[in-house]
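Residue strings, one per chain:
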Amino acid sequence: MFKQLKVLAVAAVMALAAGSLTACSGDDGAVKIGIKFDQPGLGQQVGNSYEGFDIDVANFVAKELGYESVEFVETPSAQRETMLQSDQVKMIFATYSITDERKEKVSFAGPYIIAGQDLLVRADATDINGPEDLPGKRLCSVKGSTSAQNLNDKYGGQAQLQEYDNYSKCVEALAAGNIDVVSTDNTILYGFASQDQYKGKIKVVGETFSEERYGVGIKKGDTELCNKINDALTKMVESGEWQAAADKYLGPAGFELGADNPPTPDACS
């Protein structure tokens, strides 16, 4: 009986050890990365897979960092800082503009692309040609975004600002005639305007009025990770894969990269 119990105990220890090894292997070989699920051309869920410029950049960086697999996690704008702080994700590639206010809570690698805030209107609109035309208009942006903050700061009390959880809801409301204009980064707006269901129905005004430097969000103070990501971003640019991803996902939407792209990553601190 004692011999049998001893054998069972040894087997149990071996099973626990094997489980521990498996768990460590999983922790080392996989990484959770935050993205947007509803931004055509940047980060979009298509069936059980994901595609877009942010996705290609995230996959390239993860591979350079030695991860064997990536689990993409949806990160709404208003929850990005919290999800990094609580370790729900390791990195965020989600049209995440680098700002001083955000740097108080998280750190950034990059930037890896520079965009600018613009306006999306219905195709037959002739009375909205720039931000100066927004007072009195029904305007939609997303909670927690720099776009919403910019518009509140400049046009608070003049435009009728409505904040939704995501941009796809804003665009649906625009196409249905429930709002007059959607405002966020031009990269995002061109992506929506190029979708088949919206072709001929909506258009991008084409007058940017901000600079949005998309960074890779990471936990505050992780300088080592920041430097590794910057090295990977530099390698992606030098290899030509950055340009290939931009051409594939942003080119068809009519987005012009501009002279500032691809940007040089900031020094990590």
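For the protein chain, an unreviewed UniProt entry supplies the name Glutamate ABC transporter substrate-binding protein and the organism Candidatus Avipropionibacterium avicola. Its UniProt record gives the protein chain a comment under Sequence similarities (unreviewed entry), which states: "Belongs to the bacterial solute-binding protein 3 family."

A. Main features of the packing of aromatic side chains. Overall, the coordinates contain eight aromatic pairs when judged by the stated rule. A ring pair is formed by Phe93 and Tyr112, whose centres lie 5.9 Å apart and whose planes are at 45 degrees; its orientation type is tilted. Placement of Phe93 in the loop between strand 6 (91-92) and helix 4 (100-103) and of Tyr112 in strand 7 (residues 106-115) is noted, with a sequence separation of 19 residues between them. Relative accessible area serves as the criterion here: at 2%, Tyr112 is assigned to the buried category.

B. Up close: the sheet that holds strand 8 (residues 117-122). Strand order in this open sheet of five strands is 10-9-11-8-12, and the pairing throughout is mixed. If you trace the sheet from one side to the other, it starts and ends with strand 10 (160-164) and strand 12 (202-204), each paired once. Sheet twist, expressed as the mean angle between neighbouring strand axes with direction ignored, is 30 degrees. Bridge count between strand 9 (residues 138-142) and strand 11 (residues 181-185): two bridges; the pairing is parallel. When the bridges of strand 11 are listed, Leu139 appears paired with Val181. Along the sheet, helix 6 (residues 167-175) contacts strand 8, strand 9, strand 10, strand 11 and strand 12; its crossing angle with strand 11, the most-contacted strand, is approximately 150 degrees. Its contacts with the sheet place helix 7 (residues 186-193) against strand 8, strand 11 and strand 12, and it is angled at close to 125 degrees to strand 11.

C. Quick peek at the nonpolar core. Grouped together as the largest cluster of nonpolar side chains are 55 residues, with contacts concentrated most on Phe53 and Met91. It is helix 2 (residues 53-64) that contributes the most residues to this core, seven residues altogether. The residues contacting Met91, other than those within four sequence positions of it, are Val31, Lys32, Ile33, Gly34, Val61, Leu65, Leu84, Val216, Gly217, Ile218, Leu225 and Ile229.

Definitions and limits used
Positions within a chain are numbered from 1, following the residues in the order the chain's sequence is written. In keeping with the model being predicted, local features are shown solely for residues with a pLDDT of at least 70 and side-chain atom pairs are shown and tallied solely at 80 or more, while totals for entire chains, interfaces and linings include all residues. To get the side-chain values, take all heavy atoms of the structure and skip hydrogens and water. UniProt positions are given in the numbering used here, feature names are shortened, and annotations may be inferred rather than shown by experiment. Centres within 6.5 Å make a pair out of two Phe, Tyr or Trp rings, where for Trp the six-membered ring is used; the pair is then stacked when the planes are under 30 degrees apart, edge-to-face when over 60, and tilted otherwise. Secondary structure elements follow DSSP: runs of H or I no shorter than four residues count as helices, runs of E no shorter than two count as strands, and numbering proceeds from the N terminus. Partly exposed describes any residue whose relative accessible area lies between the buried limit of under 20% and the exposed limit of over 50%, with all areas from a 1.4 Å probe on protein chains only and scaled to the type maximum. Note on pairing: DSSP must find at least two bridges between two strands before they are called paired. Here an axis means a line fitted to C-alpha atoms, over the contact stretch when the element is a helix, while the angle between two N-to-C directions is reported on a 0 to 180 degree scale. Every residue pair with non-hydrogen atoms within 4.5 Å of one another is taken to be in contact. Nonpolar cores are built from buried Ala, Val, Leu, Ile, Met, Phe, Trp, Tyr and Cys residues. Side-chain atoms within 4.5 Å join them into one set.

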